[in-house]
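# Notes for the structure review
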Amino acid sequence: MLKRRTGLIALVILIAFVLTACGSSAPKQEAAKTPDKLPLVRASHQPCMHALPTWMGIEKGWPKDHGIEIKYMFFPSGAPQIEAMAAGEWDVGAMGTVPALMAALRYGTYTIAISNDESETNDVWVRKDSPLLKTKGFNPKYPEIYGTPDDWKGKTILTTTVSTGHYAVVATLKALGLTEKDVKIVNMEQSQAIAAFESGQGDILQLWAPFDYIAEQKGFVKVSSGKRAGVDIPGAVVVRKEFADKNPELVVKWLDMYMRGIEHMKKDKADSTKFLGRYFRDYCGLKLDDTIAAKEFELRPLYDLDEQLKLFEKANGTSKVDKAFADLAQFFVDQGRIKPEEKDKVLSSNFATDKFLKMLKEQRAKQGK
Amino acid sequence: MKALQNFLRKNILSIISLVVFLIAWQIITVYEIVPRRMLVPPTEVVELFFDKLNNPDPDGATLLAHFKTSITLALSGFGLAMIIGVPLGLLMGWYQRFDNLVRPIFEVMRPIPPIAWIPLAILWFGIGLGAKSFIIWLSAFVPCVINSYTGIKLTDPVLVRVARIFGATDREIFFKIGIPSAVPMVFTGLRLSLNSAWMTLVAAELLAATEGLGYMIQMGRRLLRPDIIVLGMLTIGLVGAILAGVLGKIEQRITMGRRM
């Protein structure tokens, strides 16, 4: 009898412990603020150019000017970045269009600005001796794409699936009148794909920046890109829904600093190139020199506040940003990765919003900027 | 009926723990003690299981296709580990000179995590089955060697001396006394090895996969679908347990009356 009672008590304690432990992990820190300290904004970024406005801002001591403190958080790619966001670990960040769309669909995040245009740096590469290089502009509508449909047919393409790079590959195939069924798609992470391609595996390689600069250094040749295949791939500036709803003023303060970074990058390319080179080498551990950092500025258009507002401006109910996300969502529906109703749900949620850009515009106008 | 009663009597505690676990899981997800975005209820996983029997979306293949790819991969790595690891361990344990020759290399390679070999595996074996099998082989190989080695080292010296007295050659003693006495330990090694092979699946399928349970988990991650991740994990766990059970039964048959 005593044994049975002890067992029962132990079971109840165990369940209570599990429930308490799980429950305690749910709500995370929301804009921590102490009387002496400025409010904290946790910014998440990747080894990518779109991290520079925040990183450079911190290096230059800008956060204080904007009345915030920034905790810089680094993630190797979009998937772990979104997972950390779901656990409430960060508040604002920059990422590719795919994680931004997925995060909006699953977690209701907002896309509040465009970090840069990534259409040209989501690209497709071949080796120097590839037969694809014999023909350029087979389809006159896409004059910069190399190879004929016959050249591409049956080729093995190393690509990171469910990504903007994959989107660029499929757009390229479409431009040549082909589908994924005409080629063999092999899913690989970017760094592994370069190593495999270098060792003779696969015929075509899909990459994005900064990995594509490594490909260029190795002598591979670019045969297509999102831009060449006619698709828009904007980089997204994302905020966590709960944070944005509770602290819109903090979002605007951080966005002000982020936009200050972008505007500096547009105005003073030489200085920004040095910072980007340092970020790649010293912070991310990538072996990329300043020449490559400079290329980033050539290939990835940046948008200041007014240009951003234009991108979000709705003509006939749809903005350029809306269209880019709608096309991407359709790509995922065609791929069977999301259901049509999920596409409708995310697009009708208006997750891509210029609300914070407009607030910033107003704030700057008041400050006479 | 009696068999069922016997089974229930023997396994009642295991069944209760499983049921309590599932109920607790359902409660913490349905009442959002853990947010839905972090964990899905088991009922949704069961629903997805039935859907994935025929539906290749959204991760690119049906559950059966993922399973087939993974089992082929795991068994190829495990098979190779068994073919190479068991004889190697037995020879190392029996012949001192051979042990001196091989042990230093084995000891250096043993602690290297299989995932660290991925870049080299791509260079050596490409992106097909070879590289993935190699990664699995590495993880499955170590327990095979260690247990075979220990098993043969524990051969009763009295039996060896008796065999010598009756004029048996070293080779005869190795085959007729050493190996049979090592069998129980070899099987323990094989079970650990199969376990390692199955557990390394996700790491191996990080490498150029388009199907497989590890790939399915990766796609679930990219698509932010915890239900797909949990289904992949549970399938790996369940199949692993079944394989271990099957190997246990084979072991029982072969070692019947041998274990002390």
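Residues numbered from 1 in each chain as written. Chains lettered and ligands numbered in written order. Predicted model: local features only at pLDDT ≥ 70, side-chain atom pairs only at ≥ 80, totals over all residues. Heavy atoms only, no water.

### Re the packing of helix α4 (residues 78-86) of chain A against helix α5 (residues 97-107) of chain A
All names here are of chain A. Direction vectors running N to C along α4 and α5 enclose 25°, while the axes themselves pass 10 Å from each other. With respect to α5, the element α4 is oriented roughly parallel. Every pair of crossing elements has a handedness; the one defined by α4 and α5 is right-handed. Together, Gly78, Ile82, Met85 and Ala86 of α4 and Pro99, Ala103 and Tyr107 of α5 make up the contact between the two elements. When its residues are assigned to classes, the contact of α4 with α5 shows six nonpolar, one polar and no charged. (Axes fitted to C-alpha atoms, helices over the stretch in contact; angles between N-to-C directions. Helix = DSSP H or I, 4+ residues; strand = E, 2+ residues; numbered from the N terminus. Parallel < 35°, antiparallel > 145°, perpendicular 65-115°, else oblique. Left-handed = near helix turned anticlockwise from the far one by under 90°. Contact = heavy atoms within 4.5 Å. Nonpolar A, V, L, I, M, F, W, Y, C, P; charged D, E, K, R; others polar.)

### Quick word on helix α12 (residues 269-283) of chain A
Since there are 3.6 residues in each turn of an α-helix, residues three or four apart along the chain are aligned in direction. Residue and element names in this part refer to chain A. Taking 1.5 Å as the rise per residue, α12 with 15 residues should run 21 Å; its terminal C-alpha atoms sit 20 Å apart, in good agreement. Residues of α12 that are buried include every one of Asp271, Ser272, Thr273, Phe275, Leu276, Gly277, Tyr279 and Phe280, and no others. If you follow the buried residues of α12, they end up packed against β1 (40-45), α2 (52-60), β2 (69-74), α11 (248-267) and α13 (290-299). Gly285 occupies a position one or two residues after α12 and carries a positive phi of about 75°. (Expected span 1.5 Å × (residues − 1). Buried < 20%, exposed > 50% of the residue type's maximum accessible area, 1.4 Å probe, protein only.)

### Here we look at the sheet that holds strand β10 (residues 234-239) of chain A
Residues and elements named next belong to chain A. Taken together, the five strands give an open sheet; going across it, the order is β2-β1-β3-β10-β4, and neighbouring strands pair in mixed fashion. With one partner strand each, in any of the chains shown, β2 and β4 (110-117) form the two edges of the open sheet. Strand-to-strand, the axes of this sheet are offset by a mean angle of 20°, without reference to chain direction. With six bridges connecting them, β1 and β2 associate as parallel partners. Looking across to β2, one finds that His45 is bridged to Phe74. (Pairing = 2+ DSSP bridges.)

### Quick look at the sheet that holds strand β9 (residues 221-225) of chain A
All names here are of chain A. On the basis of which strands lie adjacent, the open sheet formed by five strands has the order β7-β6-β8-β5-β9 and mixed pairing. Two strands in the sheet have a free side with no partner beyond their single neighbour: β7 (184-187) and β9. With strand direction ignored, the average angle separating the axes of adjacent strands in the sheet is 30°. In terms of strand pairing, strand β6 (residues 156-159) meets β7 through four bridges, oriented parallel. Each residue of the ladder has a partner; that of Leu158, found in β7, is Val186. Strands β5 (122-126), β6 and β8 (204-208) of the sheet are contacted by helix α8 (residues 190-198), whose axis makes an angle of about 150° with β8.

### Quick notes on the domain arrangement of chain A
Put simply, an interface is often sized by how much accessible area is lost when its parts join up. Residues and elements named next belong to chain A. Its domain assignment divides chain A into domain 1 (11-118 + 234-366) and domain 2 (122-225). Taking the mean C-alpha position of each, domain 1 and domain 2 sit 28 Å from one another. Contact with domain 1, which involves 21 residues of that partner, is made by 15 residues of domain 2. At the surface where domain 1 touches domain 2, the tally comes to one salt bridge. One salt bridge connects Lys295 with Glu216, and the closest N-O pair in it is separated by 2.6 Å. The interface formed by domain 1 and domain 2 contains four residue pairs in polar contact (both at pLDDT 80 or more). Listing elements by their share of the side of domain 1 that touches domain 2, those giving two or more residues are α5, α13 and α15 (320-334). (Domains from an automatic or database assignment. Salt bridge = Lys/Arg side-chain N within 4 Å of Asp/Glu carboxyl O. Polar contact = N/O pair within 3.5 Å; in protein donor to acceptor, adjacent residues only side chain to side chain.)

### As for the state of the cysteines
Put plainly, two cysteines are in a disulfide when a covalent bond ties their sulfur atoms together. Per the counting criterion, the structure on display carries zero disulfides over all chains. Of all cysteine sulfurs, the one in Cys48(A) lies closest to Cys284(A), which takes part in no disulfide; the gap is 9.0 Å. (Disulfide = S-S within 2.5 Å.)

### Points about the interface of chain A and chain B
Tallying the contact residues gives 33 residues for chain A and 29 residues for chain B. For the pair chain A and chain B, the summed buried surface comes to about 2,800 Å²; carbon and sulfur atoms form 60% of the total. Between chain A and chain B we count two salt bridges in total. At the boundary of chain A and chain B, one finds 10 residue pairs in polar contact (both at pLDDT 80 or more). Taken together, the residues of the side of chain A that touches chain B break down into 19 nonpolar, nine polar and five charged. (Buried area = accessible area lost by both parts, 1.4 Å probe.)

### Considering a nonpolar patch on the surface
Residues and elements named next belong to chain B. Together, Met1, Leu4, Phe7, Leu8, Ile15, Val19, Ile23, Ile27, Val30 and Tyr31 make up an exposed nonpolar region whose accessible area comes to about 980 Å². Tracing the backbone through its elements, the reader meets Ile15 in helix α1 (residues 2-30). According to the relative accessible area criterion, Ile15 is partly exposed, its value standing at 31%. (Patch = residues over 30% accessible without salt bridge, like charges linked within 9 Å, V, L, I, M, F, W, Y side chains within 5 Å. Areas by Shrake-Rupley, 256 points an atom, 1.4 Å probe, with all protein chains shown as cover.)

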